[in-house]
Amino acid sequence: MQNSKAKMDEFKSKFMDLLHKQTNRQMKIPAMGFSDYFIQTVTADTSPSQEPDTTDGETAAAGDTQSNAQKSDQEILEGIDQCYYSPDSNPQLYELKKVLNDGIDNELIEVTIAQLRTQQKVLTKQVLQNILEQRNACSTEFASINETQKRLEESLWTCQKARSYLNFARTNLTTTSLEILASYRKREVLKEVLDTLVAIKTLRTTDVEVQKLLADHNYSAAIGLLLQCKSSAEAYMQFNCVQSLSKKLQETMLLMEFQLDTVLNEMVLSFDARKYAKLQEAYKLANKSLMAMDQLHINYISAIHSSVNSVLRGYSDPCQDDQAKPLYEQLCEQLAVEKLLPCLISLCKTFWTILASYYQVVMWHNNYKLYGHDVEDSPDVYIQQKLKKGQSRVWNDILTKVCLFLQSAKLKALKYDQFIQLLSVVQRLKKVGLEFCGEQSDKLIETMQHQSEEFFRTYHISCVEEICLFLDNESWTPVDSFSHILQLPEFRTVRHTLRRHKSPTTALLPSSNNSPISNNNCDEFSEKSSPFDGGLDAAMLEEDILSGIVDEASCYFSEESDDEQKSLQSKEFDDASNQLLVNNTALNVLRCIGRYLQMCKLLHCISPKIVSCMLELIDFYVYAVHEIFGKDALVATDNLYTRSLEMRLQTVETNVLPQIKLWPLNFSSLANNELVNPDTLYGLSQRIVAVEAGRSMLQQFQILQHYLNHLLPVSERPILSSYLEYSDYMLDLAKPVYTCVTSRVIDLSAILSQMAKVKWDVNHVIHQHSSYSDVLNRNIQSFAMCLEEIAKEVPVPSKHVWNSMAHVATHLLVEGFSNVKKCSAGGRALMQLDFANFMSFLELISNQKYPQHRSYVDVFIKTYYFAPEQFEQWIEQQRQSDEYSAKQLTSLIQCIFINDKRTRHRLLQLLDGGSVNGLIMSTTPTSTPQKNNTGPVSSSNLSSVI
């Protein structure tokens, strides 16, 4: 134990000698740890005189080393007891107690000694390695200490030398110091004089510097320089030159303020944020920010008034006297029609420039505070309030100018496309006002409403006259490849609205917007681009006037491409797959309706008037068709007109015709050629095209019903519904039109003459029908053959044409039967036989049934078999009916009661007491213009036929 300790002490002493020894530089020490062999060798070389105490100790140590060779150095270090690390511990006593605790055990002692030796070797190796690792740091620290000691010695020497110099100066340089102070005082006085001269020179050059700063738009620096010079001049006012210079600086300040106002005025039409910021900074330095804001508003108002006159003079007549200065209203009145729209767009562009500049001013003051938030009663608050109030004032001044322009200009002389463009411009202007200051522009709405009514009144008459031109040049042939109104370009902008309002659910919702220009949601006002750019471009009518805005009042939506349009037609409107029969005039009427619909969209408040004019266009077409094709019948057609048809035709004659300069049109060429030509069946194909085109037009118009209901106020919707509920409009017109043909196909005079020759008072029943029935059948057969030829050109509405034929024939038979003076039961049977023969042939060749016409003849024949009381009741019913004419009923009474004079007289009195005005068989013409009371009838009996 002591041997180990002695070895450790010896190793420590040699290590310290190694550190302090300066000459022994050649010893080689490994950088890392030592192996057991190296430790043993070093130990043996270092202490050769020392021998192990006993051979047993070596053996034990060797055995212990061999056993611990299996352990690493770290494990051996961790196995050292904690008492060896404590400075207050006694390791010797601790080891002795541990091995002698159970008595003397030599083997335990030897094992413990071997373990301690191993631990000592590992610990020594680890300590040596740590020391070697810190050797460089130790050397560096020793060098630093030596350097510090050297500097301290130098500092001490310096301090001693300085003290000696100071002692010498104190005793030898006192007089010299006083002289230096006197010289310094003189220098300071001269320097003050020089500064005064330099300041005066600077004041004299201030004006030049100010002008340079103003040229660079550095207004704040210019004002700062002037204020600085003014403040500097106050310190030198004892000099006369400075006094005069101060006055000149004051004048320069006034001139600069004028120049600032000039630049501020330029901001109205050309806002520059950088220049405006310098202006505001300059006004702030001059303490005139509030005055500048007041002046800025005056500049904006003045710019509005001056710019409108400048724009109008640019579009005025160049030959106008330059000396005359007409008022704004007079300039508007003097504008040529073709210059109205360009001038309005130029005005709006100018107004947009002013509004955009004002908006940028507002945004600048919102983003930058001149006086900061911590300033009490900050002028920024006044500026914000002033700008907010100024927005409405500026917009109202602009609105006043625009309204005066619209009122004074001759807008009703514009063409349709030009007026739509004008509506687009006004729509955009209204949206600008809504975005700029939240104003609804009611004054603009009211003005446009009045001007729109005036324009539309004129435009509607021009559309009617345009239809007259089409009628005058119409060939009455069908137009190919038309199946839906969406094919027409005038309906391109309502595709989505028709899809949305195809069902009446949304269409019947009340409309709250009564403005002529639709209200839109206010978007963020943007000053980057003008919405009036490209206003005169030809594609303006093709663009979406309300692009990007969903307008519930007009149900406007952005439109899609042509491919999407075709898809919409195929998906949303199933009836678009069938080609419709229309002519050029009907198509033009639909185009006019499409243009009217566009105006409804932009002029929502006058939509009732526009829709009413749409109905007038349809009625006018019907009236024209009636005038051309419905008045050349050979028989009276009074009773073919329904009450509704009469009212429509009468309305057109009263309200529309007086306004048309081109009416009546000259249709003599058509009437003298096609309508009297039996080879073409008296122009039946033209008549069919005219009637069926009207039916197609009404059918297409009904597609718009739900959308039109949405445009109309609730109080106006029943008028449209009532108009469209009259679904038999064109069918009622077809009756007199087709009768003009069917009345010519049958030889009415010949048939009546043959019927008059038949003996109706026979006493026996005849089984052979009369010869006139064969003649009538041959006429029917010939008519059927002609229809087959016409069907090759145009689709023939067989049901309606044959119904007209059945109508003419049955009424011809009734007329012939009513002319019989004497008739027996056999004669009545012959009548039924003839009629049955004719009806069976007619139904067979036409492939139709005519229960109404059959009943009409049957009842007239069977009245012969009525009892007197039953017959009297029937006559009473006919007084309230229009089925048979008074002449026919009179002849019937006289024939049946030929031998009963009293009954005959009573029934005739009963018949005369009533008013039996037949719509079909009446012999008394009325005053309605659509009824044809005169025709080329060769027999007096034909005057009451049909």
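Fair warning: this is a prediction, and the values are worked out from it, not measured in the lab.

Visitor: Describe in detail the pattern of salt bridges, supporting the description with residues and values.
Guide: Applying the stated rule across the entire model yields 21 salt bridges. Note that Asp294 is salt-bridged to Lys386, the shortest N-O span being 3.4 Å. Here Lys386 lies in helix H16 (residues 379-408) and Asp294 lies in helix H13 (residues 289-315), a separation of 92 residues in the sequence. Under the relative-accessibility criterion, Lys386 is labelled partly exposed at 26%. The closest approach of N and O atoms between Lys792 and Glu789, which form a salt bridge, is 3.6 Å. Several salt bridges converge on common partners, so that one network encompasses Glu466, Glu490 and Arg595.

Visitor: So what's going on with the nonpolar core? Residues and values would help.
Guide: With 223 residues, the main nonpolar core has Phe405 and Phe620 as its most contacted residues. Of the residues forming this core, the biggest block, 17 residues, is contributed by helix H15 (residues 340-367). With near-sequence residues (within four places) excluded, Phe620 lies in contact with Val464, Ile467, Cys468, Leu471, Val652, Val656, Leu657, Ile660 and Trp663.

Visitor: Give a detailed account of the packing of helix H18 (residues 442-472) against helix H22 (residues 584-602), specifying residues and quantitative values.
Guide: The contact between H18 and H22 brings their axes to 9 Å, and the two run at 165°. The angle between the axes of H18 and H22 places the two elements in the roughly antiparallel class. Crossing hand, H18 versus H22: right-handed. Across the interface between the two elements, Phe455, Phe456, Tyr459, His460, Cys463, Glu466, Ile467, Phe470 and Leu471 of H18 pack against Asn584, Thr585, Asn588, Val589, Cys592, Arg595, Tyr596 and Met599 of H22. Of the residues belonging to the contact of H18 with H22, the class tally is eleven nonpolar, four polar and two charged.

Visitor: Tell me about the packing of aromatic side chains, and please be specific about residues and values.
Guide: Two aromatic rings, taken as a pair, are described by how far apart their centres are and by the angle between their planes. All chains considered together, the criterion is met by 25 aromatic pairs. Here Tyr623 and Trp663 contribute two aromatic rings whose centre-to-centre distance is 6.0 Å and whose plane-to-plane angle is 50°, an arrangement assigned as tilted. Taken together, the residues span a long stretch of sequence, with Tyr623 in helix H23 (residues 607-629) and Trp663 in the loop between helix H24 (643-655) and helix H25 (668-672) at a distance of 40 residues. Taking relative accessible area as the criterion, Trp663 reaches 17% and is therefore assigned buried. The ring centre of Tyr416 lies 5.7 Å from the NZ or CZ of Arg595, which sits over that ring.

Visitor: Outline the environment of Asp480, listing residues and values.
Guide: In this structure, Asp480 sits in the loop between H18 and helix H19 (495-500). Residue class for Asp480 comes out exposed when judged on its relative accessible area of 61%.

Rules used throughout
Residues numbered from 1 in each chain as written. Predicted model: local features only at pLDDT ≥ 70, side-chain atom pairs only at ≥ 80, totals over all residues. Heavy atoms only, no water. Salt bridge = Lys/Arg side-chain N within 4 Å of Asp/Glu carboxyl O. Helix = DSSP H or I, 4+ residues; strand = E, 2+ residues; numbered from the N terminus. Buried < 20%, exposed > 50% of the residue type's maximum accessible area, 1.4 Å probe, protein only. Core = buried A, V, L, I, M, F, W, Y, C linked by side-chain atoms within 4.5 Å. Contact = heavy atoms within 4.5 Å. Axes fitted to C-alpha atoms, helices over the stretch in contact; angles between N-to-C directions. Parallel < 35°, antiparallel > 145°, perpendicular 65-115°, else oblique. Left-handed = near helix turned anticlockwise from the far one by under 90°. Nonpolar A, V, L, I, M, F, W, Y, C, P; charged D, E, K, R; others polar. Phe/Tyr/Trp six-rings, centres within 6.5 Å; stacked < 30°, edge-to-face > 60°. Lys NZ or Arg CZ within 6 Å of the ring centre and 35° of its normal.

Purely spatial values, then, with no claim about function.
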